[in-house]
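# Fold and contact review
Here is what each chain is made of, one letter per residue.
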Amino acid sequence: MQGSLTFLGTGTSMGVPTLGCTCPVCTSADPHDRRLRPSALVRWRHSEDPASSRERVVVIDTGPDFREQALRSALTHVDAVFYTHSHADHILGLDDLRPLSFTAFRESGPIPLYASQETRATLERIFDYTFSPQATYPNRARLRLEPLADRNPIRGVDFIRIPILHGDLEIVGYRFGSAAYLTDVSAIPEESFALLEGLDHLVLSALRYKPHPSHATVDQALGWAHRIGAKQTWLTHIAHELGHEATNKTLPPGVALAYDGLTVPVTL
Ligand SMILES: [Zn+2]
Ligand SMILES: [Zn+2]
């Protein structure tokens, strides 16, 4: 089945430009240097009846920029959301699923949100007015938290859980068909490499050149990109130390910085 992967946001937690910063990247005129918080979109139509079947839409992470990202991508519905972990730059836009969830609810019920136990606990705490059994606000989002399995089928596409590390925290990357999305990664457990064979597109986070305790550097990401051997590797979760054009000139063939709005075809 043919589908696509869109980068909704490719910036680090503070976004680029970073508030208050006047560095060359934050003041760059190149639109590729404007990066919203990290998120991605997977879309496809069921191959058995592409003419009549509606487009399926899965979002990975709903960060603080989700509303703007959904508008830019003209999203009219979401079939499911997968969360990588519970940090603010990946979850704080959850409430903006509200209007989309009302439509989904009328058609097929609450939008399913797939999250690890740890992420689920944080979502239930921060958005208790949505998830608490005692919640009474009538216009709360119609969302349903689902446990994350190793394989999570959504309308004919399996979203496969890829365990990765973000500092001391075990978080989740996802593989769907011939593509994989691993953000906020600082280490990849040996067992996870077996789940990353035969990729056309690999997405890896690469914050900057200088080491960081919970994020990969460009050089670390290049090492994994080489080992995994996807046809194309895209770097995301990028800080303001990395200018788009200047950095891309230094990267080997088959590796490039992603940018907001980039869409690539994927086989699902
Ligand atoms: Zn992050
Ligand atoms: Zn800056």
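Please refer to the structure higher up on the page.
Residues numbered from 1 in each chain as written. Chains lettered and ligands numbered in written order. Predicted model: local features only at pLDDT ≥ 70, side-chain atom pairs only at ≥ 80, totals over all residues. Heavy atoms only, no water.

## Some thoughts on the coordination of the zinc ion (ligand 2)
What counts is decided by this rule: Sites may look incomplete, because water is not among the atoms used; the donor set itself consists of N, O and S atoms within 2.8 Å of the metal (3.2 Å for Na, K and Ca).
Here the zinc ion (ligand 2) is held by C21 (SG), C23 (SG), C26 (SG) and H240 (ND1), and the distances to it run 2.1 to 2.3 Å. Donor residues for the zinc ion (ligand 2), ordered by position in the chain, follow C-x1-C-x2-C-x213-H.

## Observations regarding unusual backbone geometry
Basically, it comes down to this: Where helices and strands are cited, they refer to DSSP runs of H or I of at least four residues and of E of at least two residues respectively, numbered from the N terminus. Note on exposure labels: buried denotes an accessible area under 20% of the residue type's maximum, exposed denotes more than 50%, and partly exposed covers the range between, all computed with a 1.4 Å probe on protein chains only.
A cis amide bond links V16 with the next residue in sequence, P17, at an omega value of 0°. Within the element layout of this structure, P17 appears in the loop between β1 (2-9) and β2 (39-44). The phi torsion at R155 lies on the positive side, around 45°, for a residue other than glycine. The exposure class assigned to R155 is partly exposed, which follows from its relative accessible area of 42%. One non-glycine residue, H237, lies in the positive phi region at around 55°. As for its placement among the helices and strands, H237 is situated in the loop between β12 (232-236) and α8 (244-250). A relative accessible area of 1% means that H237 is categorised as buried.

## Here we look at the coordination of the zinc ion (ligand 1)
This is how the line gets drawn: The geometry test gives tetrahedral to four donors whose angles all lie between 85 and 135 degrees, gives square planar to four donors and octahedral to six donors whose opposite members are over 155 degrees apart with all other angles between 65 and 115, and gives irregular to the rest.
Protein coordination at the zinc ion (ligand 1): the donors are D89 (OD), H90 (NE2), D184 (OD) and H237 (NE2), at 2.1 to 2.2 Å from the metal. For the zinc ion (ligand 1), the four donor atoms in the first shell make angles of 91 to 167° at the metal, so the coordination geometry reads as irregular. All donor residues of the zinc ion (ligand 1) come from one chain, and their arrangement in sequence is D-H-x93-D-x52-H. Residue D89 is located in helix α2 (residues 88-91), and its partner H237 is located in the loop between β12 and α8; the two are separated by 148 residues in the primary sequence.

## What about the sheet that holds strand β7 (residues 151-154)?
Here is the rule we go by: When DSSP finds at least two bridges between two strands, those strands are taken to pair. Helix axes use the C-alpha atoms of the stretch in contact, all axes being lines fitted to C-alpha atoms, and the angles between their N-to-C directions lie in the range 0 to 180 degrees. Whether two residues are in contact is decided by their heavy atoms: any pair within 4.5 Å suffices.
The mixed open sheet is built from seven strands, whose spatial order is β7-β8-β9-β10-β11-β12-β13. Only two strands of the sheet have a single neighbouring strand rather than two, namely β7 and β13 (255-257). Direction aside, the axes of adjacent strands within the sheet are offset by 25° on average. Of the strand pairs in this sheet, strand β9 (residues 169-176) and strand β10 (residues 179-182) are connected by three bridges, and their pairing is antiparallel. Its bridge partner lying in β10, R175 is registered against A180. Against the sheet, helix α7 (residues 218-228) makes contact with β11 (201-205), β12 and β13, and its axis sits at roughly 155° relative to β11, the strand it touches most.

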